[in-house]
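What follows is each chain in one-letter form.
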Amino acid sequence: MKLHVNNATKFYETKSGPLHALDNFSMDVTEGQFISVVGPSGCGKTTLLRLIAGFENPDQGKIFIEGDEITYLPPNKRPTNMVFQNYAIFPHMDVASNIGYGLRKEKLSKKELYQKIDRYLELIKLSGYGNRKAEQLSGGQRQRVALARALIMQPKVLLLDEPLGALDKQLRANMQIELRSLQKDVGITFVFVTHDQEESLSMSDRVAVMSRGKILQVSSPDELYEKPENEEVANFIGTINFFDATVSSINNEICSFKSKYLGMIQTNCKNNVYSIGEEVLVGIRPEKLNLHVNKPEQDSWIIEGIVENISYLGERSHYYVKIDGLSKSVSVSSQNVNRAQINQLINDNKKVWVTFDSDSLIVIKKNS
């Protein structure tokens, strides 16, 4: 195991009592893995990085890298390095000096030093930029220099605290691709903190979702999205529509659920984790729903409603369908409808129909 955080607890004294930034927190990261840590503001993401980096010490628990305990080692004695959101490169130095700053105490000849610097300039796609000053660089270029300065020290674990947060949307998207490619090239274990759920899903081998100082779920991006283990994870990762339902029957690995809005539905429920009569939540992602302006011929798994609003998002649109009795509109991301036709239906206040496949359902225990 490359990184092992074992039952780490960190609290801060506040006027209202101790605040647990990390609460008996444990996490394992394997060799060469890119893991993202996501969660709402204040959930403990940055505190976790600061404990691994040695900027703070846990009140309880231990931290190991490759089996060696580093819990109380000072930052400069740890095989880690950290990249921050604000670039943190020295404005009075040129690019080459910034990248090579950490090597100043090593006994390298000028030739060896600049060979190393040139290699990392090439890795970050800034060959020929060694003599440029910080003010001559764009935001994305500065962040690449910060990455190269961290990577040239060859840490066993690189910690990244929202390093793309200050970039505009298009540059951020480009940097996501470059950062993932760079991680594969160098093979170093990355622990990447972000509040951007899409960013975490697109870049990572695994994603850890945090809340109130604890991990709710650690999974691959597709498993996290398709099989969230509780309501909080499902709501944080992507958009989801929830409906109340009750377990009506269990037959081997098939469960039947009764819902006021969905009717009687069946889906796979391995391990028989439910009991008859139990109240559950049935979730459906917007892209798993289909919108129809004419009532389909099928008799089951149809929801009837009225389109309240449309969000145009370029490559797709979200339609918000008001269902009688439901306090929250159902979000549908459907590609099989004409937006102009839907706009007319909104103006005329006419009904639409939403259909779904039972295989697309996500069933979650209430309060799990």
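Conventions used here
- Throughout this document, residue positions are counted from 1 along each chain, in the order its sequence is written.
- Where local features are concerned, this predicted model is filtered to residues with pLDDT of at least 70; where side-chain atom pairs are given and counted, the filter is 80 or more; whole-chain, interface and lining totals use all residues.
- Remark: hydrogens and water are excluded; side-chain values derive from all non-hydrogen atoms of the structure.
- Counting from the N terminus, the helices are DSSP H or I runs at least four residues long and the strands are E runs at least two residues long.
- When checking whether two residues touch, look at their non-hydrogen atoms; a contact exists if any pair is within 4.5 Å.
- We get accessible surface area from the Shrake-Rupley algorithm with a probe of 1.4 Å; when it comes to residues, only the shown protein chains can shield them.
- Whenever Lys or Arg places a side-chain nitrogen within 4 Å of a carboxyl oxygen from Asp or Glu, that contact is recorded as a salt bridge.
- For Phe, Tyr and Trp, where Trp contributes only its six-membered ring, two rings pair if their centres lie within 6.5 Å, and the inter-plane angle classes them as stacked under 30 degrees, edge-to-face over 60, or tilted in between.
- Working rule: Lys NZ or Arg CZ, within 6 Å of ring centre, within 35 degrees of ring normal, means a charge sits over the ring.
- Should DSSP find at least two bridges between two strands, the strands are taken to pair.
- Between the N-to-C directions of two axes lies an angle of 0 to 180 degrees, each axis being a line fitted to C-alpha atoms and, for a helix, fitted only over the stretch in contact.
- To sort residues, take the accessible area from a 1.4 Å probe on protein chains only and compare it with the maximum for the residue type: under 20% means buried, over 50% means exposed, and anything in between is partly exposed.
- For the purposes of these results, a polar contact is taken to be a pair of N or O atoms within 3.5 Å, where, inside protein, one atom must be able to donate a hydrogen and its partner to accept one; residues adjacent in sequence count only when each atom of the pair is a side-chain atom.
- Confidence of the predictor at the level of single residues is given by pLDDT, which spans 0 to 100.
- To define a nonpolar core, start from buried Ala, Val, Leu, Ile, Met, Phe, Trp, Tyr and Cys residues and group those joined through side-chain atoms within 4.5 Å.
- When an angle is under 35 degrees it counts as roughly parallel; over 145 it counts as roughly antiparallel; between 65 and 115 it counts as roughly perpendicular; any other value is oblique.
- Each crossing gets its hand from how the near helix is turned against the far one by less than a right angle, where anticlockwise is left-handed and clockwise is right-handed.
- In the scheme used here, Gly and all other residues not listed as nonpolar or charged are polar, with Ala, Val, Leu, Ile, Met, Phe, Trp, Tyr, Cys and Pro taken as nonpolar and Asp, Glu, Lys and Arg as charged.

Colleague: Explain the overall build of the protein chain residue by residue, including any values.
Modeller: Secondary structure summary: the protein chain contains 9 helices and 20 strands in total. With the C-alpha coordinates of the protein chain rotated into their principal frame, the extents come out at 80 × 50 × 45 Å. The long-range fraction of contacts in the protein chain, counting pairs at least 24 apart against all pairs at least 6 apart in sequence, stands at 65%. Surface accessibility of the protein chain: about 18800 Å² in total, with carbon and sulfur atoms responsible for 45%.

Colleague: Which residues make up the pattern of salt bridges, and what are the values?
Modeller: A complete count under the given rule lists 16 salt bridges for this structure. The closest approach of N and O atoms between Arg172 and Glu199, which form a salt bridge, is 2.8 Å. In this pair, Arg172 sits in helix H5 (residues 169-186) while Glu199 sits in helix H6 (residues 197-203), placing the two residues 27 residues apart along the sequence.

Colleague: Explain the packing of aromatic side chains to me, and be specific about the residues and the numbers.
Modeller: According to the stated counting rule, one finds 5 aromatic pairs in the structure shown. Seen in terms of ring centroids, Phe34 and Phe192 are 5.6 Å apart; in terms of plane orientation they differ by 45 degrees. Their pairing is tilted. With Phe34 in strand E3 (residues 34-38) and Phe192 in strand E8 (residues 189-193), the pair connects residues that are 158 residues apart, well separated along the chain. If you follow Arg132 out to its NZ or CZ, it ends over the ring of Tyr129, 4.1 Å from the centre. For Arg285, the ring lying beneath its charged end belongs to Tyr225, and the centroid distance is 4.1 Å.

Colleague: Let's hear about the sheet that holds strand E16 (residues 302-312): which residues, and what values?
Modeller: Spatially, 5 strands are ordered E15-E19-E16-E17-E18 in an open sheet, and the strand pairing comes out antiparallel. Pairing within the sheet leaves two strands with one partner each, and these edge strands are strand E15 (290-292) and strand E18 (330-332). The sheet shows a mean angle of 45 degrees between the axes of neighbouring strands, direction not considered. In this sheet, E18 lies alongside strand E17 (residues 317-322) in antiparallel orientation, the contact comprising 3 bridges. Counted as the bridge partner of Tyr320 is Ser331 from E18. In this fold helix H9 (residues 339-348) packs onto E15, E16, E17 and strand E19 (351-355), with an angle of close to 110 degrees to the strand it touches most, E16.

Colleague: Tell me about the environment of Leu108, and name the residues and values.
Modeller: Counting through the fold element by element, Leu108 comes out in the loop between helix H2 (95-99) and helix H3 (110-123). Relative accessible area serves as the criterion here: at 30%, Leu108 is assigned to the partly exposed category. Ignoring any residue separated from it by four or fewer positions in sequence, one finds Leu108 in contact with Leu103, Leu113 and Lys116.

Colleague: Outline the environment of Asn241, listing residues and values.
Modeller: Tracing the sequence through the fold places Asn241 in strand E11 (residues 241-251). The residues touching Asn241, leaving out its near neighbours within four places in the chain, are Val282, Gly283, Ile284, Arg285, Pro286, Leu289, Ser329, Val330 and Ser331. From its side chain, Asn241 meets the backbone nitrogen of Ser331 in a polar contact 2.7 Å long.

Colleague: Explain the confidence of the model for the protein chain residue by residue, including any values.
Modeller: With 98% of its residues at a pLDDT of 70 or more, the protein chain shows a mean pLDDT of 89. Averaged pLDDT values over the elements of the protein chain bottom out at 73 in H9 and peak at 97 in strand E4 (residues 60-65).

Colleague: Account for the pairing of strand E13 (residues 263-268), naming residues and giving values.
Modeller: Both strand E12 (residues 254-259) and E13 contribute to a ladder of 6 bridges, which runs antiparallel. The residue bridging Ile254 from the neighbouring strand is Asn268, located in E13. Taking the residues between adjacent antiparallel strands as the criterion, E12 and E13 are bridged by 3 residues.

Colleague: Any chance you could break down the sheet that holds strand E20 (residues 362-365) for me, citing the residues and the numbers?
Modeller: What holds strands together in a sheet is hydrogen bonding between their backbones, with the strands either parallel or antiparallel. An order of E13-E12-E11-E14-E20 is seen for the 5 strands of this open sheet, with the pairing classed as antiparallel. Both outer strands of the open sheet, E13 and E20, are each paired with one neighbouring strand and no more. When the angles between neighbouring strand axes are averaged without regard to direction, this sheet yields 40 degrees. As paired strands, strand E14 (residues 279-284) and E20 are joined by 4 bridges and run antiparallel to one another. Looking at E20, one finds that Leu281 is bridged to Ile364.

Colleague: Break down the nonpolar core for me, citing the residues and quoting the values.
Modeller: Phe257, Leu291 and Ile342 are the most contacted members of the largest nonpolar core, which totals 33 residues. Those elements giving two or more residues to this core turn out to be E11, E12, E14, E16, E17, E18, H9 and E19. In terms of nonpolar packing, the next biggest core, distinct from the first, is built from 32 residues, Leu158, Leu164, Leu182 and Phe190 among them.

Colleague: A description of the packing of helix H4 (residues 139-151) against H5 should follow, citing residues and the corresponding values.
Modeller: Closest axis-to-axis distance for the H4/H5 pair is 11 Å, and the angle between their directions is 20 degrees. One finds that H4 runs roughly parallel with respect to H5. Our pair here, H4 against H5, has a crossing hand that is right-handed. The segment H4 lies against H5, with Gly140, Arg144, Leu147 and Leu151 engaging Leu171, Met175, Glu178, Leu179, Leu182 and Val186. Taken together, the residues of the contact of H4 with H5 sort by class into 7 nonpolar, 1 polar and 2 charged.

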